[in-house]
Amino acid sequence: MRILVTGGAGYIGTHTCLVLQQAGHDVAVLDNLANSKREGLTRVEALSGRPLGFYHVDLLDPPEVDRVFREFAPEAVLHFAALKAVGESVQFPAKYYQNNVTGTLNLCAAMDRHAVRTLVFSSSATVYGAPEEIPIREEAPLRATNPYGWSKVMMELILTDLHRADPTWRLSVLRYFNPVGAHQSGTIGEDPTGIPNNLFPYVTQVAVGKLDNLQIFGGDYPTADGTGIRDYIHVVDLAEGHLRALERLDPNGGHQIYNLGTGRGYSVLDVVRAFERIVGRAIPYEIVDRRSGDVAECYADPGRARTALQWEAGRDLDQMCEDAWRWQSQNPSGYA
Ligand code: NAD
Ligand code: UFG
């Protein structure tokens, strides 16, 4: 199949492009490189041994998006392109709504014009806000706690209505929990700009000596060790989930929503201990105040994806840490 991957130069996109190519698909990437580098795609090509189409295009530029559809003529789209920094979205909400929501509207309009109505969409567990019940099921109410999260809720609603209006759309909405780790080769991985916001890249940068110590946000949560619990999922498991979601779309149209997580929660201290075992030395940390907007505990009920997609995240916490560490230690400055 000819598959267009928006945001394919980014962290999850590069891993998914590789999985798609390895499954024999023809892949092209549309990315404005706002948060990624071309080098990631060069490395995907080296790993797969196959060329990858690349369009340096912004979804906010409809004529250019049209050109991509004319030239590449995709049969399906995987839509990763979005801005994703929670704190920045609070500071610049209009930028986030414009990029994420308008970008998605432009993409859907181009898809409709070119009669490509097969889409796998990157959503997030952020659409559950502070969940009332754990593990979280797909039926849980949607609400967010910041503009980034609301942009995901809005994009999901737009897709729901598109399918209502034209049931020939084939849509799979994937709500990721906490994607971490890297490809086992250590050649592609997460390359955050500046000081990382997320736990895994922060810990690996402490371990490699780029940052002095980890600040653990809150030691007084109602959890076993007092630190926050999340459902970390290996990025290659996540990438394989996209392939499966694409393969399982109903040829006659449909709209499915799946949690992609492991169903297992680990605390911040569990993650620190796992890294210490793998790196072979202590990770210096201090426990500081809670980060505003964080919840105590968040993990998926992954049952629907298991049943309907016959997909399960198989890689465990040690493998997530090992692969994250291999990537960080082999590429201390990321793709630079
Ligand atoms: P990323 O920033 O590494 O990748 C996103 C890519 O989209 C980047 O390469 C960026 O340059 C590109 N992009 C952004 N705006 C664009 C635009 N207007 N036009 C063209 N390209 C554009 O992020 P990621 O971690 O790979 O996330 C991929 C998707 O998954 C995003 O939609 C994100 O919201 C979602 N998601 C990520 C996480 C996570 O923790 N990483 C969790 C849940 C959901
Ligand atoms: N944490 C620290 N110190 C840090 C960074 C994080 O203690 O320096 C803690 C957090 O408080 C939390 C856990 O580590 O308990 C995980 O935090 P992350 O920032 O790695 O991930 P979040 O669960 O906060 O959020 C991530 C993405 C969101 C997405 C959400 C659900 O950043 O965009 O997962 O998918 F919405």
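Look a little higher up for the structure.
Thresholds, definitions, all that
Residues numbered from 1 in each chain as written. Chains lettered and ligands numbered in written order. Predicted model: local features only at pLDDT ≥ 70, side-chain atom pairs only at ≥ 80, totals over all residues. Heavy atoms only, no water. Pairing = 2+ DSSP bridges. Helix = DSSP H or I, 4+ residues; strand = E, 2+ residues; numbered from the N terminus. Near = heavy atom within 4 Å. Polar contact = N/O pair within 3.5 Å; in protein donor to acceptor, adjacent residues only side chain to side chain. Areas by Shrake-Rupley, 256 points an atom, 1.4 Å probe, with all protein chains shown as cover. Nonpolar A, V, L, I, M, F, W, Y, C, P; charged D, E, K, R; others polar. Buried < 20%, exposed > 50% of the residue type's maximum accessible area, 1.4 Å probe, protein only. Contact = heavy atoms within 4.5 Å. Salt bridge = Lys/Arg side-chain N within 4 Å of Asp/Glu carboxyl O. 1 Å grid on protein atoms, 1.4 Å probe; cavity = no way out; pocket = protein on both sides within 12 Å on 5 of 7 lines; lining within 4 Å. Points joined across faces, edges and corners; volume = space filled by probe spheres on them. Disulfide = S-S within 2.5 Å.

Caption draft 1: Layout of the sheet that holds strand 12 (residues 266–267). Judged by pairing direction, the sheet is mixed, and its three strands sit side by side in the order 12-9-14 without closing on themselves. Taken across any chain shown, the strands that pair with only one partner, and hence form the sheet edges, are strand 12 and strand 14 (297–298). Taken together, the two bridges between strand 9 (residues 229–230) and strand 14 define a ladder with parallel strand orientation. Within strand 14, the residue paired with R230 across the bridge is C298.

Caption draft 2: Here's a closer look at the site of ligand 1. For ligand 1, the set of nearby residues contains 28 residues, the closest of which are D31, N35, S36, K84 and Y148. Separating an oxygen atom of ligand 1 from a backbone N or O atom of Y11 is a distance of 2.8 Å. For ligand 1, the accessible surface in isolation is 820 Å², of which the surrounding protein chains cover 95%. Secondary structure elements with two or more residues in the shell around ligand 1: helix 1 (11–22), strand 2 (26–31), strand 5 (118–124) and helix 6 (147–165). If one sorts the elements of the shell around ligand 1 by residue count, strand 5 sits on top with three residues. Here the residues of the shell around ligand 1 are counted per class, giving 15 nonpolar, nine polar and four charged.

Caption draft 3: Layout of the environment of L249. Along the chain, L249 turns up in the loop between helix 8 (235–247) and strand 11 (254–260). When its relative accessible area of 6% is taken as the criterion, L249 is described as buried. With 77 residues separating them along the chain, L249 and S172 place their C-alpha atoms 7.3 Å apart. What L249 contacts, discounting residues up to four positions off in sequence, is T118, V120, R170, L171, S172 and Q256.

Caption draft 4: Focus on the site of ligand 2. Around ligand 2 sit 21 residues in total, of which N198, Q215, R230, R291 and D294 are the nearest. A distance of 3.2 Å separates an oxygen atom of ligand 2 from a polar side-chain atom of S124. The backbone of F217 places a nitrogen or oxygen atom 2.9 Å from an oxygen atom of ligand 2. Its free accessible area being 690 Å², ligand 2 has 88% of it covered by the protein chains.

Caption draft 5: Structural context of the pattern of salt bridges. Across all of its chains, the model carries 26 salt bridges by this definition. Notably, a salt bridge pairs D26 with R2, separated by 3.8 Å at the nearest N-O pair. Separated by 24 residues along the polypeptide, D26 in strand 2 and R2 in strand 1 (residues 2–6) bring together distant segments of the chain. A relative accessible area of 35% places D26 in the partly exposed class. In this structure R2 comes out as partly exposed when scored by relative accessible area, which is 29%. A salt bridge links E71 to R67; the nearest nitrogen and oxygen atoms lie 3.3 Å apart. One end of the pair, E71, and the other, R67, are both in helix 3 (residues 62–72), four residues apart, so they sit about a helical turn from each other. According to the relative accessible area criterion, E71 is partly exposed, its value standing at 49%. Within the structure, one salt-bridge network assembled from shared partners comprises R137, E138, E139, D301 and R304.

Caption draft 6: Region of interest: empty space enclosed by the protein. Applying the stated criterion across every chain yields a total of one cavity of 30 Å³ or more. For the largest cavity, the full set of lining residues is G181, E190, F200, P201, T204, A324, W327 and Q328. Here the residues of the lining of the largest cavity are counted per class, giving four nonpolar, three polar and one charged.

Caption draft 7: Broad picture of the state of the cysteines. Inspection of the entire model under this criterion finds zero disulfides. With no disulfide of its own, C17 lies 19 Å from the sulfur of C108, the closest cysteine sulfur. For C17, a relative accessible area of 0% translates into the label buried. Under the relative-accessibility criterion, C108 is labelled buried at 5%.

Caption draft 8: How the structure looks around unusual backbone geometry. Residues I134 and P135 are joined by a peptide bond in cis, for which omega reads -5°. For L33, which is not glycine, the phi dihedral falls at a positive 55°. Here L33 lies in the loop between strand 2 and helix 2 (38–48). For L33, a relative accessible area of 22% gives the class partly exposed.

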